[in-house]
Amino acid sequence: FGHKKISYLNGGLTKWIKENRVTTKEAANVKPTTYKAESPNEAIRADADYVLKGLKNPKVAIVDVRGTEEYTGKKNKEENKRVGHIPGAVDLDSYETNFNKDGTLKSRYDKIYSLTHIVMKSGNFSEKKVTSILISIEIIFCILAFIIFL
């Protein structure tokens, strides 16, 4: 979306409080402003037609980046009529891949290690074009977009 300045509270409010950092119950004094985001980059989006074509192509890997419980159908956050995953899609739980247990971002090395482990477990991606599918529209998309540019 073209954001120039972003910040991320690594570890969230829980870590902030555990570190005895300052908090307040007072409302922030924020001046209203106008912000215009750039249009999303359509070149990185995969629509249904693209995914259906990819399912027929052995050189395309479909990667489901929702949580594993959504992938398996055990969790249905959006109350969808159908749960589970697209047949043949690989589970890449974005939280487990990118975050430590305490909610902080993994180092680049740890992310690469996590991704390598998943790739080795899931098959050979060396000659496949990877298409990431995000079915739930939620904060995960923002997190993934942020992590891509770290």
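Placed above this text is the structure.
Residues numbered from 1 in each chain as written. Predicted model: local features only at pLDDT ≥ 70, side-chain atom pairs only at ≥ 80, totals over all residues. Heavy atoms only, no water.

A. Structural detail: the pattern of salt bridges. Enumeration according to the criterion identifies 5 salt bridges in this entry. Ionic pairing is found between Asp49 and Lys53, a salt bridge with its closest N-O pair at 3.8 Å. A residue pair is termed a helical-turn pair when its members lie 3 or 4 positions apart in one helix, as Asp49 and Lys53 do in helix 2 (residues 48-55) at 4 residues. Looking at Asp49, the relative accessible area reads 47%, which means it is partly exposed. (Salt bridge = Lys/Arg side-chain N within 4 Å of Asp/Glu carboxyl O. Helix = DSSP H or I, 4+ residues; strand = E, 2+ residues; numbered from the N terminus. Buried < 20%, exposed > 50% of the residue type's maximum accessible area, 1.4 Å probe, protein only.)

B. View of a nonpolar patch on the surface. The grouping of Leu9, Leu13 and Ile17 at the surface amounts to a nonpolar patch, some 280 Å² of accessible area in total. Turning to its location among the elements, Leu13 is positioned in helix 1 (residues 12-18). Taking relative accessible area as the criterion, Leu13 reaches 52% and is therefore assigned exposed. (Patch = residues over 30% accessible without salt bridge, like charges linked within 9 Å, V, L, I, M, F, W, Y side chains within 5 Å. Areas by Shrake-Rupley, 256 points an atom, 1.4 Å probe, with all protein chains shown as cover.)

C. Layout of the environment of Val51. Inspection of the secondary structure assignment puts Val51 in helix 2. Residue classification places Val51 among the buried residues on the basis of a relative accessible area of 9%. As a C-alpha pair, Val51 and Ala61 span 10 residues in sequence and 9.8 Å in three-dimensional space.

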